[in-house]
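The residues making up each chain are set out below.
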Amino acid sequence: MLVMGIETSCDETGVGLVRDGVLLGDALASSMDEHARFGGVVPEIAARAHLEALPSMVRHAVDRAGVQLSDVEAVAVTAGPGLASAVQVGLAAGKAFSLALGIPLYGVHHLAGHAAVDVLEHGPLPDRCVALIVSGGHTSLLVLRDLARDPIVHLGDTYDDAAGEAFDKVARLLGLPYPGGPAIDRVARDGDPAAIAFPRPLTGARDEPYAFSFSGLKTAVARWVERHPGPLPVADVAASFQEAVADTLSRKAVAACRAHGCGTLLLVGGVAANSRVRALTAQRCAAAGIALRVPSPRLCTDNGAMIAAVGDLVARAGLPPSPLDLAMQPTVTLTHALTHA
Ligand code: ATP
Ligand code: MG
Ligand code: FE
């Protein structure tokens, strides 16, 4: 089945075309530059940019896939979570395609998309695995079974900031450009990850093993920067902060795999694009005999292919489509791949 996926939950306008687990083509536009001077995404600017970019992204994705719009057999769209005005644009477009082409609509949970995209590069997921979703708004350790059908079990989430949010806030403290994650990744290459011993949040023996908290780490960096006399060693601070995040994430993810008898870890979401997070997790998984699955960096951050990947899974599993009056859900928690389930 040929599925078109549409993603507009934040500042990326993504369209992807997937058939039976194969990515045929995709297109991506970002309004990132328009938000840079505000230091974060402005919802109304993002929504306007989606409206402007969506028609051409659909055209590009269809062309790149070598198909016709009339060949599309189902449309999948992010119905939440995300910025309400931004989600609304994609959802309206998805409903319009469903109606105009007479094809089923699937309202997809954005975070299920972050997980499902890995299937496009590495084939079907095992019957059971641990997933670590680390993105701009979420940090969750989960147990996944059949992603299309089964409920998703949360082992732990963040109590405060998401990992990506911490990257973005620390980058701002260091005077690095928005978005902060890629900027920290870049400057950290020239820094010493052992220069500053930043805290590893919630990793003590008596702490909750699978919960996260990054707000204290961000504050620790802020205090260090305030107290430091003279020119700031930006590369060392960035590398040391990045090391604290990578250490915390990988340690907890490997522990979760061990405790739950899962031989596979799925590392996904925007922060999974981070070079140190990838390297340290790979190293620890290898040492523990755990197979690590992580998408290519370009598929870790928001894109249309990830939403098409979910649509493809649920369509092939024979799940009922979403109703055409499906409501967007800006804050829906991840319990199922589809938001109306
Ligand atoms: P969510 O998926 O939780 O709704 P989002 O869609 O905004 O949030 P993603 O697109 O998954 O988030 O990821 C964006 C986040 O990933 C940003 O916080 C960004 O700084 C971070 N990020 C992207 N690349 C890197 C990198 N190389 N290193 C660290 N962080 C990164
Ligand atoms: Mg983005
Ligand atoms: Fe995302």
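Residues numbered from 1 in each chain as written. Chains lettered and ligands numbered in written order. Predicted model: local features only at pLDDT ≥ 70, side-chain atom pairs only at ≥ 80, totals over all residues.

### Some points on the overall build of the chain
Stated formally: Only runs of H or I of at least four residues qualify as helices and only runs of E of at least two qualify as strands under DSSP, and these elements are numbered from the N terminus. Field definition: a residue is buried when 20 or more other C-beta atoms are found within 10 Å of its C-beta, exposed when 12 or fewer are, and partly exposed for counts in between, with C-beta atoms placed from the backbone. Residues are treated as contacting if the C-beta atoms built from their backbones sit within 7 Å of each other.
Looking only at helices and strands, the chain features 11 helices and 10 strands. Considered along the principal axes of its C-alpha atoms, the chain spans approximately 65 × 45 × 30 Å. For the chain, with 341 residues in total, the buried portion stands at 55%. Across the chain, the fraction of contacts at a sequence separation of at least 24, relative to all contacts at a separation of at least 6, is 76%.

### Things to note about the site of ligand 1
Let me state the cut-off plainly: Nearness rests on one distance test: the residue's C-beta atom, set from the backbone, must lie within 6 Å of the molecule or strand. When residue character is reported, Ala, Val, Leu, Ile, Met, Phe, Trp, Tyr, Cys and Pro are called nonpolar, Asp, Glu, Lys and Arg charged, and the others, Gly included, polar.
Taken together, 25 residues sit near ligand 1, with Gly136, Gly137, Gly164, Gly181 and Gly270 positioned nearest. Secondary structure elements with two or more residues in the shell around ligand 1: helix 4 (110–122), helix 5 (163–173) and helix 6 (180–188). Taken together, the residues of the shell around ligand 1 sort by class into seven nonpolar, 15 polar and three charged.

### Quick look at the domain arrangement of the chain
This is how it is decided: What marks off one domain from the next here is an automatic or database domain assignment.
Along its sequence, the chain is organised into domain 1 (2–116 + 303–316) and domain 2 (127–295). Domain 1 and domain 2 are separated by 27 Å when their C-alpha centres are compared. In this complex, domain 1 contributes 13 residues to the contact, which on the side of domain 2 involves 15 residues. Elements that contribute at least two residues to the side of domain 1 that touches domain 2 include exactly helix 1 (32–35), helix 4 and helix 11 (305–316). The biggest single contributor to the side of domain 1 that touches domain 2 is helix 4, with five residues. A per-class count over the side of domain 1 that touches domain 2 returns nine nonpolar, four polar and no charged.

### Brief notes about the sheet that holds strand 10 (residues 291–293)
Note the cut-off: Criterion used throughout: strands pair if DSSP finds at least two bridges between them. Note on definitions: angles span 0 to 180 degrees between N-to-C directions of axes, and those axes are lines fitted to C-alpha atoms, for helices only across the stretch in contact.
Spatial ordering of the open sheet is given by 8-7-6-9-10, a layout of five strands whose pairing is mixed. The two strands at the open ends of the sheet, each matched to only one other strand, are strand 8 (153–157) and strand 10. Strand-to-strand, the axes of this sheet are offset by a mean angle of 20°, without reference to chain direction. Inspection of the sheet shows strand 7 (residues 139–144) paired to strand 8 by four bridges, in the antiparallel sense. What sits directly across from Leu142, in strand 8, is His154. Along the sheet, helix 4 contacts strand 6 (129–134), strand 7, strand 9 (264–268) and strand 10; its crossing angle with strand 9, the most-contacted strand, is approximately 115°.

### A closer look at the sheet that holds strand 4 (residues 74–80)
One open sheet accounts for five strands, arranged 3-2-1-4-5; its pairing is mixed. Looking at which strands have only one partner, the edges of the open sheet turn out to be strand 3 (22–30) and strand 5 (105–109). Along the sheet, successive strands turn relative to each other by an average axial angle of 20°, direction set aside. The sheet strands contacting helix 3 (residues 84–101) are strand 1 (2–7), strand 4 and strand 5, and the helix crosses strand 4 at an angle near 155°.

### Things to note about the UniProt feature "binding site: substrate" (unreviewed entry) in the chain
Operational definition: UniProt positions are given in the numbering used here, feature names are shortened, and annotations may be inferred rather than shown by experiment.
As recorded in UniProt, the sites labelled "binding site: substrate" (unreviewed entry) are Ile133, Val134, Ser135, Gly136, Gly137, Asp168, Gly181, Asp185 and Asn274. Here Ile133 lies in strand 6. With residues near it in sequence (within four places) discarded, Ile133 still touches Leu111, His114, Ala115, His138, Ser140, Leu142, Val268 and Gly269. Along the polypeptide, Gly136 turns up in the loop between strand 6 and strand 7. With 24 C-beta atoms counted inside 10 Å, the residue Gly136 sits in the buried group.

### Considerations on helix 6
Among all positions of helix 6, only Gly180, Gly181, Ala183, Ile184, Asp185 and Ala188 are buried. Buried positions along helix 6 lie against helix 5, helix 8 (234–259) and helix 9 (275–288).

### Looking at the packing of helix 5 against helix 6
This is how it is decided: In what follows, roughly perpendicular refers to angles from 65 to 115 degrees, roughly parallel to angles under 35, roughly antiparallel to angles over 145, and oblique to any angle outside these ranges. Here a crossing is taken to be left-handed if its near helix is turned anticlockwise relative to the far helix by less than a right angle, and right-handed if that turn runs clockwise.
The N-to-C vectors of helix 5 and helix 6 enclose an angle of 65°; their axes lie 7 Å apart at closest approach. In terms of their interaxial angle, helix 5 and helix 6 are classed as roughly perpendicular. Crossing geometry of helix 5 relative to helix 6 is assigned as left-handed. Each of Gly164, Phe167, Asp168, Val170, Ala171 and Arg172 in helix 5 lies in contact with helix 6, whose residues at this interface are Gly180, Gly181, Ala183 and Ile184. Here the contact of helix 5 with helix 6 is composed, by residue class, of five nonpolar, three polar and two charged.

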